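What follows is each chain in one-letter form.
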Amino acid sequence: MSVRTIPKNYRNLTGLANSQKAKGAFFESSLERDFLTTIEFDSGVESYDVQPVCISWVDANGKARDYTPDVLVNYLPARSGFRSSDIVLCEIKYRSDIQKNWTELKPKFKAAIRYAKEQGWHFKLFTEHEIRTTYMENARFLQPYLRESLDESHESLVLNAMLSMRECTVEQLLKSLFHDKWAQAEILPSVWWLVAAKRISLDLNLPITMSSRIWLER
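**Q** So what's going on with helix α7 (residues 170–177)? Residues and values would help.
**A** Among the residues of α7, those classed as buried are Val170, Leu173, Leu174 and Leu177. Buried residues of α7, viewed axially, fall in a sector of 95 degrees; they line one side. Lining the buried residues of α7 we find α6 (152–165), β9 (167–169), α8 (181–196) and β11 (213–215).

Here is the structure:
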């Protein structure tokens with residue numbers, strides 16, 4: 001849980017993300033929201049906490065300071081990208097903010113690196129370059145489908161067709177099921193649900209279109 005209450009912010013976008021992996025998934029900017037979208041969709045992320053710890057440190061003038069990083073991400077084993085830890089303490093910042101406020105931010109980040117190391121974690125800084133990717137856009141598109149229930153008749157129809165075809169485009173799949181465009185439109189949300197649930201594979205690092213190739217893992 002967050003160590004402090006998220007205040008209203010009239011300069012940045014604030015809100016509460018829909019999450020199955022965190023309690024109180026608050027965000028204070030659209031960039032933080034996009035980061036939460038990515039890790040919520042990432043099957044390698046087991047859970048996360050927003051503003052999880054308050055780190056105390058002393059500045060160059062001997063004054064006590066506090067710093068609260070944005071997110072603590074708990075990755076499944078071997079999915080963090082770090083050999084020694086599957087827990088990553090994350091700070092979310094725009095590159096322009098880092099460049100503008102580097103003198104102020106640098107000692108905070110050093111304190112966070114030190115604190116994370118003491119806990120056996122890693123500290124990582126994320127900017128819009130790492131967050132606002134095609135993967136994030138795809139996650140934003142697919143996630144809402146998982147909030148709806150899957151039609152079981154659609155499920156068996158789609159998966160049986162995929163078992164037969166093994167690999168095809170989304171458009172080819174729909175045409176193999178129905179000639180009628182209204183029927184294709186009706187079953188398409190179930191296709192996206194199965195893609196979102198990772199039961200049908202698709203390259204999430206490429207833009208999703210009706211020409212996207214989909215397949216079943218062997």
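**Q** Give me the lowdown on the nonpolar core, citing residues and values where you can.
**A** Across soluble globular proteins, nonpolar side chains show a tendency to be buried alongside one another. Core analysis: the largest hydrophobic core is formed by 28 residues, its most contacted members being Leu142, Val158, Met162, Leu173, Trp192, Ile200 and Ile214. Tallying contributions element by element places α8 first for this core, with 8 residues. Not counting residues up to four positions away in its chain, the partners in contact with Leu142 are Phe41, Trp192, Val195, Ala196, Leu204 and Ile208. With 18 residues, the next largest nonpolar core counts Leu36, Val73, Phe126 and Ile131 among its residues.

**Q** Pulling in residues and values, what's your account of the sheet that holds strand β3 (residues 45–50)?
**A** Strand pairing in a sheet relies on backbone hydrogen bonds. The paired strands run either parallel or antiparallel. The strand order β3-β6-β7-β8 describes an open sheet built from 4 strands, whose pairing is mixed. Both outer strands of the open sheet, β3 and β8 (122–126), are each paired with one neighbouring strand and no more. Within this sheet the neighbouring strands show an average axis-to-axis angle of 25 degrees, counted without direction. Where strand β6 (residues 71–75) and strand β7 (residues 87–92) come together, 4 bridges link them in antiparallel fashion. Note that in β7 the partner of Leu72 across the bridge is Leu89. Against the sheet, helix α3 (residues 102–119) makes contact with β7 and β8, and its axis sits at roughly 145 degrees relative to β8, the strand it touches most.

**Q** Explain the packing of aromatic side chains to me, using residue names and the numbers behind them.
**A** The description of an aromatic ring pair rests on the distance of the ring centres and on the angle between the ring planes. Per the counting criterion, the structure on display carries 8 aromatic pairs. Here the aromatic rings of Phe141 and Trp192 are separated by 5.3 Å at their centres, their planes lie at 80 degrees, and the arrangement is edge-to-face. Of this pair, Phe141 sits in helix α5 (residues 134–146) while Trp192 sits in helix α8, placing them 51 residues apart in sequence. The class of Phe141 is partly exposed, set by a relative accessible area of 33%.

**Q** Quick one: what's the story with the pattern of salt bridges, residue by residue and with numbers?
**A** Counted by the stated rule, this structure contains 10 salt bridges. The partner of Glu130 in a salt bridge is Arg95, and the shortest N-O contact between them spans 3.8 Å. Of the two residues, Glu130 sits in helix α4 (residues 128–131) while Arg95 sits in helix α2 (residues 95–100), which places them 35 residues apart along the sequence. Overall, Glu130 belongs to the partly exposed group, its relative accessible area being 38%. The partly exposed category is assigned to Arg95, whose relative accessible area is 36%. Connected via shared salt-bridge partners are Arg33, Asp34, Arg132 and Arg140.

**Q** Tell me about the environment of Glu155, and please be specific about residues and values.
**A** Structurally, the position occupied by Glu155 is in helix α6. Taking C-alpha positions, Glu155 is 9.3 Å from Trp193, a pair spaced 38 residues apart along the chain. If sequence neighbours within four positions are ignored, Glu155 has contacts with Leu150, Leu194 and Arg199.

**Q** How would you explain the side chain of Gln143 if you had to name every residue and give the values?
**A** Within the secondary structure, Gln143 is located in helix α5. Overall, Gln143 belongs to the buried group, its relative accessible area being 12%. Polar contacts involving the side chain of Gln143 include one to the main-chain carbonyl oxygen of Thr37, which spans 3.4 Å. Sequence-distant contacts of Gln143, that is, excluding residues within four places in its chain, are made with Thr37, Glu40 and Phe41.

Basis of the calculations
- Residues numbered from 1 in each chain as written.
- Predicted model: local features only at pLDDT ≥ 70, side-chain atom pairs only at ≥ 80, totals over all residues.
- Heavy atoms only, no water.
- Buried < 20%, exposed > 50% of the residue type's maximum accessible area, 1.4 Å probe, protein only.
- Helix = DSSP H or I, 4+ residues; strand = E, 2+ residues; numbered from the N terminus.
- Arc of directions from axis to C-beta.
- Contact = heavy atoms within 4.5 Å.
- Core = buried A, V, L, I, M, F, W, Y, C linked by side-chain atoms within 4.5 Å.
- Pairing = 2+ DSSP bridges.
- Axes fitted to C-alpha atoms, helices over the stretch in contact; angles between N-to-C directions.
- Phe/Tyr/Trp six-rings, centres within 6.5 Å; stacked < 30°, edge-to-face > 60°.
- Salt bridge = Lys/Arg side-chain N within 4 Å of Asp/Glu carboxyl O.
- Polar contact = N/O pair within 3.5 Å; in protein donor to acceptor, adjacent residues only side chain to side chain.

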